[in-house]
Amino acid sequence: MYFVTDEAMLDHCNRWDSIHIESPDRLKVILDQLKSLGLLEKANILPSRSASTDEIEIVHTKKYIDQIKEICSKTIEEIEEYCKTVEDVYMNERTYDLGLLSAGCAIDATLTAFKQKSSSFAAIRPPGHHSFQSAPCGFCVFNNVAIAAKHARQAGAERVLIVDWDVHAGQGTQECIEDDDGIKLISIHRFEHGTFWPNLEQSSVKHKFRHTINIPLNSIGEDDSSFISIFHLVILPTLIDFQPDLIIVSCGFDAAIGDPEGEMKVSPHGYGRMTRLLLNSGIPVSVILEGGYFLPSIARDAEFVVRALQGESFPILHTTTLSSTLSDTLHRVISTGSTSILRSIQYLLTKSTKHKNVNLRTDEYKKGSRVIPTSYPTRDIYTPRTVETTNLLELELNDCIKRYEKEGKEGSKINLIIDGDAVFSMIETKEEVEIITCPSLHSFVHSTIVTYLCPESLYHRFPISSPPSTHQLDILYSSLLSLSSIPSFSHIPLIRLLTQ
Ligand SMILES: [Zn+2]
């Protein structure tokens, strides 16, 4: 596992509003946590370096790059005036240079992971996933992830999958990759029917962009169970179908417990497990830091992601009942049928009586919810929390970590054997389960069942075979329903979706 950062990035700070949430402390607490646990000693540390302007022109226009350079050479008052013309951005005299440094580190971490068939973590800022080809946006100046993905393509990656689990929609990346058929983006984000920032219709399930799958969350409070379900029902099937040579994670920690932006409840174990699920594919994984604003959470989240990248595994996080809004979103994402495995899941859903009761809403996006002001506010945007609130949220975080650690120690391991010829049958004893599946269903069953129950399991990269027949899917459907009465299996996200 490779790691890159540079403490110079702490110099990117808001000089006119000291309580801005995108603060240098975000990076500082992450580095302090990793150092205090000795995790950096176990990593291969890459030297930091700045990207050249030629390198970031792979995404951004020369005019835009020159403009940012010029703005950052002005007085702080003039920089603030400029920032009133763009959306939720602050800069200072160091931002241009640190934007190049951030992008350079993202490129090197990603190319090293790709070439060494390994994994990497780039602890960098300013973040990147909201910035467009010719405009900054949402704390982001240069789009680190899109730049890294395009350099990986130039270095020989035929297909790059970007998983953006930052709680805000990766609309900048969505636009920046649209001209490249070898890059696919899956973005999980708080949406609330378009009433949550950036309030864009292009962040809905249905949109005109060819390379983006959106998973918009229409309610707050979604937790590990929700995110793990999304992984099993959309991300892993897409990964198996797309067969990327490289996975890049737009790694925001703002869906974490206590985050003031996301108001979700993903735990450090959740982030670790999501990382583990991607690593299990055997495909190189490059993790690039984006947002995340509750300092006690992001320190632990980064720790668990790095521990996962270093080979540690975590206890099974049992999925619980899907919220009705998430269930609705998942049905709609699956109904787009954008990959062959999603089409198989869609077929299973059409057999389910539960699915027939789901209202596939057409009014997903409430038009008119986006308001563009004539001048964007630059000050007093964020209200500091009270010490009591922070303490309560920190308590919730620590309780959650302790609970998982206890479960991890007490949980028994299920041994799984997967074989290749017959259609689908299973034998279950207390400790051992055997699943036999036909070749065309192998990776599908693996993603839906085996990787859920057995975190250690690698789902090997199978050559794309012909899609399963209707007959095979009918048998799988019956098998899944029969498994639903067995406690371990009832937690499997697909079984939940079919039976809940
Ligand atoms: Zn974010």
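First, a word on scope: everything that follows refers to the structure included in this document. Just so it is clear, the model here is predicted, and its values are computed rather than measured.

Calculation rules
Sequence order as written defines the numbering, with residues in each chain counted from 1. In keeping with the predicted nature of the model, local features appear solely for residues at pLDDT of at least 70, side-chain atom pairs appear and are counted solely at 80 or more, and the whole-chain, interface and lining totals rest on all residues. Each helix is a run of DSSP H or I of at least 4 residues and each strand a run of E of at least 2, with the numbering of both proceeding from the N terminus. Put plainly, a residue is buried at 20 or more neighbouring C-beta atoms within 10 Å of its own, exposed at 12 or fewer, and partly exposed in between, counting only other residues' C-beta atoms, which are placed from the backbone. Each pair of strands is called paired provided DSSP finds at least two bridges between the two strands. Working definition of a contact: two residues with C-beta atoms, positioned from the backbone, lying within 7 Å. Note on method: axes are straight lines fitted to C-alpha atoms, helices fitted across the in-contact stretch only, with angles between N-to-C directions ranging 0 to 180 degrees. By definition in this entry, angles of less than 35 degrees are roughly parallel, angles greater than 145 are roughly antiparallel, angles of 65 to 115 are roughly perpendicular, and the rest are oblique. Less than a right angle of anticlockwise turn of the near helix away from the far helix marks a crossing as left-handed, whereas a clockwise turn marks it as right-handed. Basically, the charged four are Asp, Glu, Lys and Arg, the nonpolar ten are Ala, Val, Leu, Ile, Met, Phe, Trp, Tyr, Cys and Pro, and anything else, Gly included, counts as polar. A helix is expected to span 1.5 Å multiplied by its residue count minus one. The directions from the helix axis to the C-beta atoms are what the arc is built from. Any nonpolar core is a set of buried residues, restricted to Ala, Val, Leu, Ile, Met, Phe, Trp, Tyr and Cys, that join up through C-beta atoms within 7 Å. Where each domain begins and ends follows an automated or database-derived domain assignment. Looking down the strands as they point away from you, a crossover is right-handed if its path from the first strand over the helix to the second goes clockwise.

A few words on the overall build of the protein chain. Within the protein chain, the regular secondary structure consists of 18 helices and 11 strands. Within the protein chain, buried positions represent 50% of all 500 residues.

Strand order in the open sheet formed by 8 strands is β2-β1-β3-β8-β7-β4-β5-β6, and the pairing between neighbours is parallel. The strands lining the two open edges of the sheet, one partner per strand, are β2 (44-45) and β6 (212-217). Two elements, strand β4 (residues 160-164) and strand β5 (residues 183-190), share 5 bridges in a ladder whose sense is parallel. Note that in β5 the partner of I162 across the bridge is L185. In the packing of helix α8 (residues 224-242) onto the sheet, contacts are made with β4, β5 and β6, and the angle to β5 comes to roughly 175 degrees.

Helix α11 (residues 324-335) packs onto α8 with a crossing angle of 15 degrees between their chain directions and a minimal axis gap of 11 Å. Classified by the angle their axes make, α8 and α11 are roughly parallel. Between α8 and α11 the crossing geometry is right-handed. Along the contact surface, α8 presents S226, L233 and V234, while α11 presents L326, L330, V333 and I334. Per-class residue counts for the contact of α8 with α11 are 6 nonpolar, 1 polar and no charged.

Look at helix α12 (residues 340-351): 17 Å from first C-alpha to last across 12 residues, which is about the 16 Å you get at 1.5 Å a residue. Burial in α12 covers these residues: I341, L342, S344, I345, L348 and L349. One face of α12 carries all of its buried residues, which in axial projection span an arc of 155 degrees.

This part covers helix α16 (residues 470-483). With 14 residues, α16 ought to run about 20 Å at 1.5 Å a step, and its terminal C-alpha atoms sit 20 Å apart, in line with that. All of the buried residues in α16 are L473, L476, L480 and L483. One side of α16 holds all its buried residues, which, seen down the axis, span an arc of 80 degrees. Across from the buried face of α16, at angles greater than 90 degrees, the exposed residues are T470, H471, S478 and S482.

What follows concerns the nonpolar core. One finds A106, A122, A149, I248, V249, I288 and V305 to be the most contacted residues of the largest nonpolar core, which totals 139 residues. At 12 residues, the largest contribution of residues to this core is made by helix α5 (residues 95-116). Both domains that meet at this core, namely domain 1 (2-317 + 383-388) and domain 2 (321-361 + 412-500), each give it at least three residues. Residues in contact with V305, not counting those within four places in the same chain, are F121, C251, Y271, G272, T275 and V287.

Another aspect to go through is the pairing of strand β7 (residues 246-251). Among the 6 residues in β7, 6 count as buried, and that is most of the element. Burial of the side chains of β7 extends over both faces: L246, I248 and S250 are buried on one face and I247, V249 and C251 on the other. In terms of strand pairing, β7 meets strand β8 (residues 285-289) through 5 bridges, oriented parallel. By the bridge assignment, I247 is partnered in β8 with V285. The parallel pair β7 and β8, bridged by helix α9 (residues 268-279), forms a crossover whose chirality is right-handed.

Here we come to unusual backbone geometry. With an omega of 5 degrees, the peptide bond between R125 and P126 qualifies as cis. Residues W197 and P198 are joined by a peptide bond in cis, for which omega reads 5 degrees. Secondary-structure assignment places P198 in the loop between β5 and β6. Within the chain, E192 stands out as a residue other than glycine whose phi angle is a positive 50 degrees.

Inspection of the secondary structure puts Q133 in the loop between β3 (119-123) and α6 (144-154). When the C-alpha atoms of Q133 and K62 are compared, they prove to be 9.6 Å apart, with 71 residues separating the residues in sequence. Look past the residues within four positions of Q133 in its chain and what remains in contact with it is V59, H60, T61, Y64, E175 and C176.

What follows concerns the environment of E261. With respect to the helices, strands and loops of the structure, E261 is situated in the loop between β7 and α9. Given 21 C-beta atoms within 10 Å, E261 falls into the buried group. Between the alpha carbons of E261 and F294 there is a distance of 9.0 Å; along the sequence they are 33 residues apart. Residues contacting E261, with those up to four places away along its chain left out, are V167, D254 and Y293.

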